[in-house]
Amino acid sequence: MLRWLLGGRDVQEPVEKSLILCLGDDQPQNPYTELQVLKGHNDIVRFMVWIDDTRFASAGDDGVVLLWNVQTGERLHELRGHSRPITGIALIPLTYHSQSESCRLLTAASDRTVMIWDLDTGSQIHLLADFQSSVKCLKVIERLDVWLSGADKICVWNNRAELLCKTTCFKDADVSLMIELPKNNIAAVIRKELNNTFATGSHVGELIIWDALDWSVKGFESHFWNVTSQSDKPAEIKISRTPYQHEACIHHLTADRENIFAAIGTGIYVYNLQTKTVIAYQQVAHDSRVLHIAKLPNRQLVSCSVDGSVRLWELQELPPAEPATSGIFSMWGIGKPNKQQTQMAKRKLDCSVLKTLELTGDLIGHSGAVQMFLHSKDHGIVTCSTDHLIILWKDGEKESQLRSKALFHKLEQDDV
């Protein structure tokens, strides 16, 4: 049963109590009731990537890449070659242009090297070491049969690891992210500002919607449904300033055709591209910073946090009878709003069709910050963490059925 608990994480400076949404033991909409812990890394696991339907790769601060079978949890290969923490990985899939007979993996590390691996044999194919600084990001453009590395300069390579071209050096900053735009364009992000094809987000909580063709601003949002009450000024709807260090920072963005989902501080916000308004939110979605979010095909949203939890959310229509304006004010316990504040908030709310983010599942298994996760329709969710562990979260009912079928099949074979 859903319940609101008064609490907060311990920090060095004094903090005010905050309302945190929690789930009880009964989670009927959470299918991931079975977990399997994978051990192999001896430091923080920061990156994971799907190889195919049954395999994925993991990497982190120990400099080792491990290949796993997601069905059995078996460790398939250990890719050892980097001497420092890995800073990026990317898959080079099989393409029509490529002459390779197997998928290949790109890995970059703070030892200023990039390696290309054969994922079927686990062997190293190419070693690139002529970099002046660490490669922070890798981007594969499959249709052009090239890949890019981002460091103090951007380099374009073919799949034979031949350098095709490169930019001039960026002064005092490295490229931290690259995204593909229409007409074979690439946008490079410097100084760790988070970008997406549809939007960019900053460390101060500003969300900008860009037109990828002419670079014009199509939308802007910096007010994310939080009311600050001041006696001498009208109420403003904006991100609150709390004792958390990164409360206003946009840590991650994801999108579908209708909405942009933003991880901001400890909360999750849903921004509608058509109405250019925030249509749903949970200001305290986790007990600490939200690091990664993803929209699933089944209308669910998944988020993970520094607090070690992974949570499942469902975007639902707001019941017509629910008094939305009073609910927003009482959510943070700031007291009964005056008439002017209520009218201002109501006008803001009437501009969009509000929905709610309902917590449907809470996956507790890691003892450290969950860095990211992967989702598969057939195999559930895979999470990695600062506790050096990888956890496979599987549909308990489906796994039970598979075991029953395997048992019946074995009994039939024994009878024969």
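How each quantity is defined
- Residues numbered from 1 in each chain as written.
- Predicted model: local features only at pLDDT ≥ 70, side-chain atom pairs only at ≥ 80, totals over all residues.
- Heavy atoms only, no water.
- Helix = DSSP H or I, 4+ residues; strand = E, 2+ residues; numbered from the N terminus.
- Buried < 20%, exposed > 50% of the residue type's maximum accessible area, 1.4 Å probe, protein only.
- Contact = heavy atoms within 4.5 Å.
- Areas by Shrake-Rupley, 256 points an atom, 1.4 Å probe, with all protein chains shown as cover.
- Pairing = 2+ DSSP bridges.
- Axes fitted to C-alpha atoms, helices over the stretch in contact; angles between N-to-C directions.
- Patch = residues over 30% accessible without salt bridge, like charges linked within 9 Å, V, L, I, M, F, W, Y side chains within 5 Å.
- Salt bridge = Lys/Arg side-chain N within 4 Å of Asp/Glu carboxyl O.

The next subject is the overall build of the chain. When its secondary structure is counted, the chain shows three helices and 34 strands. Among the 416 residues that make up the chain, the fraction classed as buried is 51%. At a minimum sequence separation of 6, the contacts of the chain that also span at least 24 residues come to 47%. Put simply, the chain shows about 21,700 Å² of open surface, and 50% of that area lies on carbon and sulfur atoms.

The strand order S28-S29-S30-S31 describes an open sheet built from four strands, whose pairing is antiparallel. Every interior strand has two partners, whereas the edge strands, strand S28 (290–295) and strand S31 (355–364), have only one. Here the strands of the sheet are splayed against their neighbours by 25° on average, with no regard to which way each runs.

What holds strands together in a sheet is hydrogen bonding between their backbones, with the strands either parallel or antiparallel. Spatial ordering of the open sheet is given by S8-S9-S10-S11, a layout of four strands whose pairing is antiparallel. Either end of the sheet is taken by a strand with one partner, and the two such strands are strand S8 (86–92) and strand S11 (123–128). Going across the sheet, the axis of each strand differs from the next one's by a mean of 20°, ignoring polarity. Bridge analysis of S8 against strand S9 (residues 104–109) gives six bridges, and the strand direction is antiparallel. Each residue of the ladder has a partner; that of Ile 89, found in S9, is Thr 107.

Here we take up a nonpolar patch on the surface. On the surface, a cluster of nonpolar side chains totalling about 310 Å² of accessible area is made up of Leu 407, Phe 408 and Leu 411. In this structure, Phe 408 sits in helix H3 (residues 396–415). Classification of Phe 408 as exposed rests on a relative accessible area of 53%.

Further remarks concern the pattern of salt bridges. A pair can form between side chains of opposite charge whenever their charged atoms are brought close. Inspection of every chain in the model, using the stated rule, returns 11 salt bridges. For Arg 403, the salt bridge is made with Glu 34, and the minimal N-O distance between the two is 3.0 Å. Taken together, the residues Arg 403 in helix H3 and Glu 34 in strand S3 (residues 34–38) connect sequence positions 369 residues apart. The residue Glu 78 makes a salt bridge to Arg 80 at a minimum N-O spacing of 3.0 Å. What makes Arg 80 exposed here is its relative accessible area of 56%. Three or more residues are tied together by salt bridges with common partners; here these are Asp 52, Arg 55 and Asp 120.

That is the geometry; function is a separate question.
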